[in-house]
Amino acid sequence: SNNIFALIGMLNRSLSNRIISKLGAEDGGVAASLLLGNQKLVPDDIARDFRRVGASHILAISGTHMTILFGTLALILQWAFVPYKVRAILLSFLSVFYLALTNFSMSATRSVLMLLTVYFSMLCSHKSDSLTSLSAAGVLILGFTPFAVVDAGFWMSFAATFGILVYIPHFRDFTFDKFQPYYSKYKWVISPTVSISTAILTSLCA
């Protein structure tokens, strides 16, 4: 197992170096952080700017990255007519491999465990519940690494996700209820406005 993790670590470094060679130190460092979790490659001045605008969480692989990446992969597999349960199995293995590739950061681990509960629900032909998935991820992390309970990253990651899962749906429902009488006539304005507002509020929660 140590040899496998060593190989995965070498793959991470190789991919990071290739990204930096193609994009340059600044853009490549940010790209390597966003794709592979290598935050140390982000130049100090760029990392400082992210902190100043309150967006440093974007550099850490989390639920947002996982949703975009594996949502896109799931869509591609669906377009390729891959059977439902086969998609769940493939995405499960890919998510675990990606977690190992990004060095098992707390936010990435939480996100992958939540994804695995979703894929397990797909295999069992049941609809998944986001809060149940989040709780299961927390139980599994604390079960394998009890000292995570004193890790600030653990609490920040789970608190941010809990806030997003609980408050964002209520915000969207409240907003659409307010605009319901005008929705059919001004749908082209209301939908983008609510989506942008939701994105901003999601970032604030994070």
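Analysis parameters
- Residues numbered from 1 in each chain as written.
- Predicted model: local features only at pLDDT ≥ 70, side-chain atom pairs only at ≥ 80, totals over all residues.
- Heavy atoms only, no water.
- Helix = DSSP H or I, 4+ residues; strand = E, 2+ residues; numbered from the N terminus.
- Buried < 20%, exposed > 50% of the residue type's maximum accessible area, 1.4 Å probe, protein only.
- Contact = heavy atoms within 4.5 Å.
- Areas by Shrake-Rupley, 256 points an atom, 1.4 Å probe, with all protein chains shown as cover.
- Lys, Arg positive; Asp, Glu negative; His and termini not counted.
- Charge placed at Lys NZ, Arg CZ, Asp CG, Glu CD.
- Core = buried A, V, L, I, M, F, W, Y, C linked by side-chain atoms within 4.5 Å.
- Axes fitted to C-alpha atoms, helices over the stretch in contact; angles between N-to-C directions.
- Left-handed = near helix turned anticlockwise from the far one by under 90°.
- Nonpolar A, V, L, I, M, F, W, Y, C, P; charged D, E, K, R; others polar.
- Polar contact = N/O pair within 3.5 Å; in protein donor to acceptor, adjacent residues only side chain to side chain.
- Phe/Tyr/Trp six-rings, centres within 6.5 Å; stacked < 30°, edge-to-face > 60°.

This part is about the overall build of the protein chain. Tallying secondary structure elements over the protein chain gives 8 helices and 0 strands in all. Moving toward the C terminus, one meets the helices and strands of the protein chain in the order α-α-α-α-α-α-α-α. Projected onto its principal axes, the C-alpha coordinates of the protein chain cover approximately 60 × 45 × 40 Å. Considering the protein chain as a whole, with its 206 residues, one finds that 32% of them fall into the buried category. The long-range fraction of contacts in the protein chain, counting pairs at least 24 apart against all pairs at least 6 apart in sequence, stands at 56%. Surface exposure of the protein chain reaches about 13200 Å², of which carbon and sulfur atoms provide 68%. Charge separation in the protein chain, taken as the distance between the mean sites of 15 positive and 9 negative side-chain charges, equals 8 Å.

Ranked by size, the top nonpolar core spans 20 residues in total, and within it Met66, Phe70, Tyr98 and Tyr119 carry the most contacts. Broken down by secondary-structure element, the contributors of at least two residues to this core are α1 (2–23), α2 (25–36), α4 (63–79), α5 (84–101) and α6 (106–123). Sort the elements by how many residues they give to this core and α5 lands first, with 6 residues. Judged by nonpolar contacts, the second largest core, of 9 residues, contains Leu113, Met114, Ala137 and Ala148.

In this section: unusual backbone geometry. Within the chain, phenylalanine 81 stands out as a residue other than glycine whose phi angle is a positive 60°. Its place among the elements puts phenylalanine 81 in the loop between α4 and α5. If you check the backbone angles, asparagine 103 has positive phi at about 70° while not being a glycine. Within the element layout of this structure, asparagine 103 appears in the loop between α5 and α6. We classify asparagine 103 as exposed; its relative accessible area is 62%.

Taken N-terminus to C-terminus, the directions of α4 and α5 make an angle of 150°; their axes are 11 Å apart at the nearest point. Every pair of crossing elements has a handedness; the one defined by α4 and α5 is right-handed. Of α5, the residues touching α4 (which contributes Met66, Leu69, Phe70, Leu73, Ala74, Leu77 and Gln78) are Arg87, Leu90, Leu91, Leu94, Ser95 and Tyr98. Within the contact of α4 with α5, the residues separate by chemical class into 10 nonpolar, 2 polar and 1 charged.

Let us look at the side chain of asparagine 12. Here asparagine 12 lies in helix α1. Reaching out from asparagine 12, the side chain makes a polar contact with the backbone oxygen of leucine 36 at a distance of 3.3 Å. Leave out the neighbours within four places in its chain, and asparagine 12 touches Leu36, Asn38, Leu101 and Thr102.

Right, let's get into the packing of aromatic side chains. What characterises a pair of aromatic rings is the spacing of the ring centres plus the angle enclosed by the ring planes. If you walk through the whole model with that rule in mind, you get 1 aromatic pair. Between phenylalanine 70 and tyrosine 98 the ring centres are 6.1 Å apart and the planes differ by 70°, which places this aromatic pair in the edge-to-face class. Of this pair, phenylalanine 70 sits in helix α4 while tyrosine 98 sits in helix α5, and the two are 28 residues apart along the sequence. The residues phenylalanine 70 and tyrosine 98 share a single accessibility class, namely buried.

Such coordinate-based values are descriptive only and should not be taken to indicate function.
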